[in-house]
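# Reading the structure
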Amino acid sequence: MRFHFRSCVLRPLNFAGTRGHSESFLLPVATMLVLPVVLLLLLVPCAPSSGAQLPEQPKSKEAPIATNGQPFPWDRMRLPKTVSPVHYDLTFHPNLTSLDFTGVARILLEVHEDTSAVILHTKEMHISKVLLLAPEGARPLRFLEYPRFHQLALLSDTPLIQGRRYEVQLEFAANLSDSYHGFYKGSYRTSSGEVRMLASTQFEATSARAAFPCFDEPAFKANFTIRIIREARHIAISNMPKVKAVQLPGDLFEDHFDTTVKMSTYLVAFIVSDFLSVSKTTKHGVKISVYAVPEKIDQTAFALDAAVKLLDFYDDYFDIPYPLPKQDLAAIPDFQSGAMENWGLTTYREAGLLFDPAKSSASDKLGITMVIAHELAHQWFGNLVTMEWWNDLWLNEGFAKFMEFISVDITYPELHVDDFFLGKCFEAMEVDSLSSSHPISTPVENPAQIQEMFDDVSYDKGACILNMLRDFLTPEAFEIGIIRYLKRYSYQNTVNSHLWDSLTNICHSDDLDEGRIKHKEFCSKSKVQSGASKWYSDDELDVRTIMESWTLQEGFPLVTVEVRGREVRLTQERYLKTDDPSLTEGFLWQIPLTYVTSASSTVHRFLLKTKTDVLYLPEEVDWVKFNVKMNGYYMVHYEGEGWSSIIKLLQHNHTALSSNDRASLINNVFQLVSVGKVRLDTALDLSLYLSRETEIMAVTQGLGELVPLYKLMEKRDMMALENQMKGYIVDLFRGLIDRQEWSDAGLVSERVLRSYLLLFACVRNHPPCLATAIELFNKWRDSDGNMSLPTDVSLAVFAVGARTPEGWDFLFEKYRSSQQTGVKSRIKSALSISPLQDKLKWMMEQSLHGEVMKTQDLPSVVVSISKNPRGYKLAWDFLRANWHALIKKFDLGSHSIAHLVTGVTGQYSTREMLDEVRSFFDSLTEETGSEMRCIQQTYETIEENIRWMDTHLPLLQAWLNRHKASSCAPPQPHEDL
């Protein structure tokens, strides 16, 4: 996968945040769930099978011409199927002084059709010599380059014959990349100020071609034998263990690595560095090692233990042994994504792997555990079984995101990850409610379109529909089906239908593995029960038809429920934030409905296959709650007196419903305001119960719906109404805020909630919070930063300290000198929400420069500043002024660019700003990003914000006047974060 940085546990709100979509890709500020990330976002990725679900390849618009002016013999973006690679023998010699590399690739090819041309990929490298190696001797091959499609044609004077194998050898050279893709350079600064260089790889999705000539599509699996030439002061690591090191002249060594299993090019990896490592062995005999820069190797113990525990879990759960002898985890100082699942050598941002028990927070631990769980799940989902093409990326990423929660819930029950899964579904729905969304499985062709697939739809929606299916089939049946899927397609490529077929008739006798006793027992039991305890007949269940309604069309359903006595009338339609009703027509899902009632806490089930239907209750009830624990990926609207009865229940006995049920009600009622199904005052009436709420998912969801309302006002100079809204929210949560301890005590969810609430309260100038934070910051500064602050409250303390120039400068110096990634992340977050505009502008420039503040963090820094009422204009100006530098560094279509675009603009709500945004993006060409989906998402989000403000501001003003908050005095402008 590529793990993207963002809050993995909570919905990206943004106390300095927006109603619009936040980067799923997130991309927060530190590591996946790292507190700063969470809070900042809160605040603020064999030959093709015949079953491929792919459209016909479009041809090039014009006949392709090679760089030398000759016709290029292939005119399509995708490679032909005439030949395929069997084995690569690769040698690389990177020079970390001149920052370039040379290499030799020997590729064994199998010919499927007679051909005189071998078409493969290469990008931005110099090919110096190409040979055809044959028993009768080597002979040179002519070659042509077509940079537009990153293609290289090897031309033979005599045809290559079907059924035979040939070997070609290519010599090449290139610069180490300045971006975060391909074979790229990185650096880090020691505590003494020395800058040290390293070289690392990131090949997903289409960047292996920038490191060596190859067939850079996931279906062209092969084996790889790799050699790395390095200096004596460095080490080299790759996918497989090193088998020997040969000394060469000039104080050089050539490391030889064992041959890999059959795999796709995007999973190849190697690193040349001065890293150190620590190691342990799993109970199944796999050597686990964690690599990091020398001064941070003492922060690797937690990740090492977590990797051992999680790899053992997956080994047992999937009933398929991890096929490699080792698994390395490397903390890379310069890394764009959150992590990458290269087989046998997973790579991570430092913040995603390094943990200091004395200085890291609860959400740091949670985030690190989850990202390791994600990458190790990929060793089976993605590496062992790989999607045929990037249109089905979700088969990799949706499963890995889903398995994060399954694995960590079992291996680390004390982390209570089930408290956070629901946030993934809310994040996905945020982007999936726009007409610019896309089906989970959708056609893509060029690299930018492929990059765009690494979004909330592929990751979070994919995980949420898998969770829905698991609840539908039962966890036992689901586990049997996915094990069958992995065993059937090991070392192969798959499409959607392969998964659905594997989950159908899961108790068929021919597929039962004799070793899976619990599966045999489950199937025997289910046959005896004849489906009595289930709501479908296994023999009749058409998993494919059900699930294709969720994967082959975009969006999600809104189910309207109307209770009349014992009769419950059901209607489904697409939920879509638009003023064009025609865009919701023609959508139909098969929806696994669940519900509980005031008369029965038993979960009742009903499969809604049609536009409308009716079900009957055994008796009349006071209330009914559909989508129990929100295990289903759909919203619910309660017509008639439905919402009134739910509001009454929440006001008098909110614990009658689970925390997830309460969070889903909060989310649904406010989202229904946006499409005119519910009045705003009804949603606000429901929010009143939150004064008694204590559970993290419901509290953060409440803030997630209320905070963005005043964030829109901050961009409109509506000081009076804005402060009235802020006062209401603070008053609503005042009791819970005032009960928070300034310590690190409690369960993980309690600690994460404490961090969230205290930061929010200090941002909003709540006097008790402000006083404590100022006192702690002054003591910490007086100790020159040596006093131990509780990690879970340190961001609130830093945020208050960053309000003055002296405090900001002190924090920046501590950022510069710290070797603790969690501390650096929290300081960076605090600096970005300061009201000091000159500091904010300087911070963005420093992040782009990359010497002290890493450029990998630039997207999260700019987006955080854009949520800051003192910084949003600065962020927009910075984005426009540096657009070309940004797309060169982060790549068109990447999640980083999408996060910048949607994050910076997502809180605008005026026609003037929409016109300004359109003017800039309309000035771009296709080569500079005009066709990116995130631009359409931005337009839709701003238009929705405008509609919302025009429609609901009078209602909001009237409601707040009726419910005057006690804390609505305007904050001091220079202190407002």
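Residues numbered from 1 in each chain as written. Predicted model: local features only at pLDDT ≥ 70, side-chain atom pairs only at ≥ 80, totals over all residues. Heavy atoms only, no water.

### Things to note about the overall build of the chain
If you tally the helices and strands in the chain, you get 28 helices and 30 strands. Counting across all 977 residues of the chain, residues that qualify as buried make up 65%. For the chain, the computed accessible surface area is about 32800 Å², with 49% contributed by carbon and sulfur atoms. (Helix = DSSP H or I, 4+ residues; strand = E, 2+ residues; numbered from the N terminus. Buried < 20%, exposed > 50% of the residue type's maximum accessible area, 1.4 Å probe, protein only. Areas by Shrake-Rupley, 256 points an atom, 1.4 Å probe, with all protein chains shown as cover.)

### Looking at the state of the cysteines
Per the counting criterion, the structure on display carries two disulfides. Each disulfide pairs two cysteine sulfurs, and for Cys-425 the partner residue is Cys-464, the sulfurs being separated by 2.1 Å. Disulfide Cys-425-Cys-464: the torsion about the S-S bond is -105°, which places it as left-handed. Of this pair, Cys-425 sits in helix α5 (residues 421-432) while Cys-464 sits in helix α7 (residues 456-473), placing them 39 residues apart in sequence. Note on cysteine connectivity: Cys-762 is disulfide-linked to Cys-769, with sulfurs 2.3 Å apart. Across the disulfide from Cys-762 to Cys-769, rotation about the S-S bond amounts to roughly -90°, and the bridge is consequently left-handed. On the accessibility criterion, Cys-762 (1% relative accessible area) is buried. (Disulfide = S-S within 2.5 Å.)

### What to know about the packing of aromatic side chains
The tally for this structure, following the rule as stated, stands at 58 aromatic pairs. A ring pair is formed by Phe-399 and Phe-478, whose centres lie 6.5 Å apart and whose planes are at 25°; its orientation type is stacked. Here Phe-399, found in helix α4 (residues 394-411), pairs with Phe-478, found in helix α8 (residues 475-488); they are 79 residues apart in sequence, far enough to count as distant. With relative accessibility at 0%, the residue Phe-399 sits in the buried group. When its relative accessible area of 0% is taken as the criterion, Phe-478 is described as buried. Three or more aromatic residues joined by ring pairs make a cluster, and in this case those are Phe-313, Tyr-314, Tyr-317, Phe-318, Tyr-322, Trp-380, Phe-381, Phe-399, Phe-402, Phe-478, Tyr-485 and Tyr-489. (Phe/Tyr/Trp six-rings, centres within 6.5 Å; stacked < 30°, edge-to-face > 60°.)

### Some points on the nonpolar core
Of all hydrophobic cores here, the largest spans 318 residues; its most connected members are Phe-212, Ile-372 and Phe-626. Excluding residues within four positions of it along the chain, Phe-626 makes contact with Val-561, Val-568, Leu-570, Leu-593, Thr-594, Tyr-595, Leu-615, Val-636 and Tyr-638. (Core = buried A, V, L, I, M, F, W, Y, C linked by side-chain atoms within 4.5 Å. Contact = heavy atoms within 4.5 Å.)

### Comments concerning the environment of Thr-102
For Thr-102, the position within the fold is in strand β3 (residues 100-111). Note: C-alpha distance between Thr-102 and Glu-171 (69 residues apart in sequence) is 7.7 Å. Sequence-distant contacts of Thr-102, defined by excluding residues within four places in its chain, comprise Thr-91, Phe-92, His-93, Phe-172 and Ala-173.

### Some words on the environment of Ile-297
In this structure, Ile-297 sits in the loop between β18 (287-292) and α2 (301-317). You can call Ile-297 buried: its relative accessible area is 18%. Taking C-alpha positions, Ile-297 is 8.4 Å from Leu-354, a pair spaced 57 residues apart along the chain. If near-sequence neighbours (up to four positions away) are discounted, Ile-297 is found in contact with Leu-276, Ser-277, Val-278, Val-290 and Ala-292.

### So, the side chain of His-256
Tracing the sequence through the fold places His-256 in strand β15 (residues 252-257). Once residues within four sequence positions are removed from consideration, His-256 is found in contact with Ile-226, Arg-227, Pro-241, Lys-242, Val-243, Lys-244 and Val-246.

### Regarding the sheet that holds strand β25 (residues 567-574)
A sheet is described by the order of its strands in space; here four strands give the open sequence β28-β25-β24-β30, paired in mixed fashion. Taken across any chain shown, the strands that pair with only one partner, and hence form the sheet edges, are β28 (612-616) and β30 (635-638). Going across the sheet, the axis of each strand differs from the next one's by a mean of 25°, ignoring polarity. With eight bridges joining them, strand β24 (residues 557-564) and β25 adopt antiparallel strand pairing. Bridge pairing in β25 links Val-563 to Val-568. Helix α13 (residues 659-674) rests against β24 and β30 of the sheet, and its axis sits at about 70° to β30. (Pairing = 2+ DSSP bridges. Axes fitted to C-alpha atoms, helices over the stretch in contact; angles between N-to-C directions.)

### Section: the layout of surface pockets
Estimates place the volume of the second largest pocket at around 900 Å³. As for the second largest pocket, its lining consists of 33 residues, of which His-416, Val-417, Asp-418, Asp-419 and Asn-660 are closest to the centre. Of all the secondary structure elements, the ones that give two or more residues to the lining of the second largest pocket are α4, α5, α7, α13, α15 (696-714) and α17 (748-763). When grouped by side-chain class, the residues that make up the lining of the second largest pocket number 13 nonpolar, eight polar and 12 charged. (1 Å grid on protein atoms, 1.4 Å probe; cavity = no way out; pocket = protein on both sides within 12 Å on 5 of 7 lines; lining within 4 Å. Points joined across faces, edges and corners; volume = space filled by probe spheres on them. Nonpolar A, V, L, I, M, F, W, Y, C, P; charged D, E, K, R; others polar.)

### Thoughts on the pairing of β3
Judged by which residues are buried, β3 turns out to be one-sided: Phe-101, Gly-103, Ala-105, Ile-107, Leu-109 and Val-111 face inward and are buried, whereas Asp-100, Thr-102, Val-104, Arg-106, Leu-108 and Glu-110, on the alternate face, are not. Strand direction decides the pairing type here: strand β2 (residues 83-95) and β3, joined by 12 bridges, are antiparallel. For Pro-85, the partnering residue across the bridge sits in β3 and is Leu-109. Hairpin remark: β2 followed by β3, antiparallel, with four residues in the connecting loop; positive phi at Leu-99, about 60°. Sheet topology note: the β3/strand β9 (residues 165-175) ladder contains 11 bridges and is antiparallel. By the bridge assignment, Leu-108 is partnered in β9 with Glu-167.

### Looking at the sheet that holds strand β7 (residues 142-146)
By definition, the strands of a sheet pair up through backbone hydrogen bonds, in either a parallel or an antiparallel sense. Spatially, the three strands line up as an open sheet ordered β4-β8-β7, and their pairing is antiparallel. One side of each edge strand has no neighbouring strand; the edge strands of this open sheet are β4 (115-121) and β7. Averaged over all pairs of adjacent strands, the angle between strand axes in this sheet comes to 25°, irrespective of strand direction. Direction of pairing for β7 relative to strand β8 (residues 151-160): antiparallel, over a ladder of five bridges. Considered in β8, the bridge of Glu-145 is made with Leu-152.

### Notes on helix α28 (residues 933-962)
Spanning 30 residues, α28 covers 42 Å between terminal C-alpha atoms, matching the ideal 44 Å at 1.5 Å per step. For α28, the principal kink sits at His-952 and spans about 50°; a proline, Pro-954, occurs within the next four residues. (Expected span 1.5 Å × (residues − 1). Bend = angle between axes of the 7 residues up to and from the residue.)

### Things to note about the pairing of strand β27 (residues 600-608)
Here strand β26 (residues 591-597) runs beside β27; their pairing, made up of six bridges, is antiparallel. Each residue of the ladder has a partner; that of Thr-594, found in β27, is Arg-605.

### Things to note about the packing of helix α27 (residues 911-922) against α28
It is at 10 Å that the axes of α27 and α28 come closest, and there the two elements cross at 170°. Relative to α28, α27 is oriented roughly antiparallel. Of the residues in α28, those in contact with Arg-911, Leu-914, Val-917, Arg-918, Phe-921 and Asp-922 of α27 are Ile-935, Thr-938, Tyr-939, Ile-942, Glu-943 and Ile-946. Class assignment for the residues of the contact of α27 with α28 results in seven nonpolar, one polar and four charged. (Parallel < 35°, antiparallel > 145°, perpendicular 65-115°, else oblique.)

### Describing the packing of α13 against helix α14 (residues 680-687)
One can describe the packing of α13 onto α14 by two numbers: an axis separation of 8 Å at closest approach and a directional angle of 160°. When the interaxial angle is binned, α13 and α14 end up roughly antiparallel. Handedness of the α13/α14 crossing: left-handed. Side by side, α13 and α14 meet where Ile-666, Val-669, Phe-670 and Val-673 of the first sit next to Leu-680, Ala-683, Leu-684, Leu-686 and Ser-687 of the second. Each residue belonging to the contact of α13 with α14 can be placed in one class, and the counts come to eight nonpolar, one polar and no charged. (Left-handed = near helix turned anticlockwise from the far one by under 90°.)

### Re the pattern of salt bridges
Across all of its chains, the model carries 48 salt bridges by this definition. Note that Lys-280 and Asp-305 form a salt bridge whose closest N and O atoms lie 2.5 Å from each other. Pair noted here: Lys-280 is in strand β17 (residues 276-281) and Asp-305 is in helix α2, with a separation of 25 residues, a long-range link. Judged by its relative accessible area of 39%, Lys-280 falls in the partly exposed class. Asp-305 sits in the partly exposed class, given a relative accessible area of 35%. One salt-bridge network, held together by shared partners, links Lys-711, Glu-714, Glu-722 and Lys-726. (Salt bridge = Lys/Arg side-chain N within 4 Å of Asp/Glu carboxyl O.)

### Details of the confidence of the model for the chain
Taken as a whole, the chain shows an average pLDDT of 89; of its residues, 89% reach a score of 70 or greater. Within the model, the stretch residues 4-56 combines pLDDT values under 50 with 273 contacts to residues more than four positions away or in other chains. Under a pLDDT of 50 for its full length, residues 527-535 has, in the predicted model, nine contacts with residues more than four places off or in other chains. (pLDDT = per-residue confidence, 0-100.)

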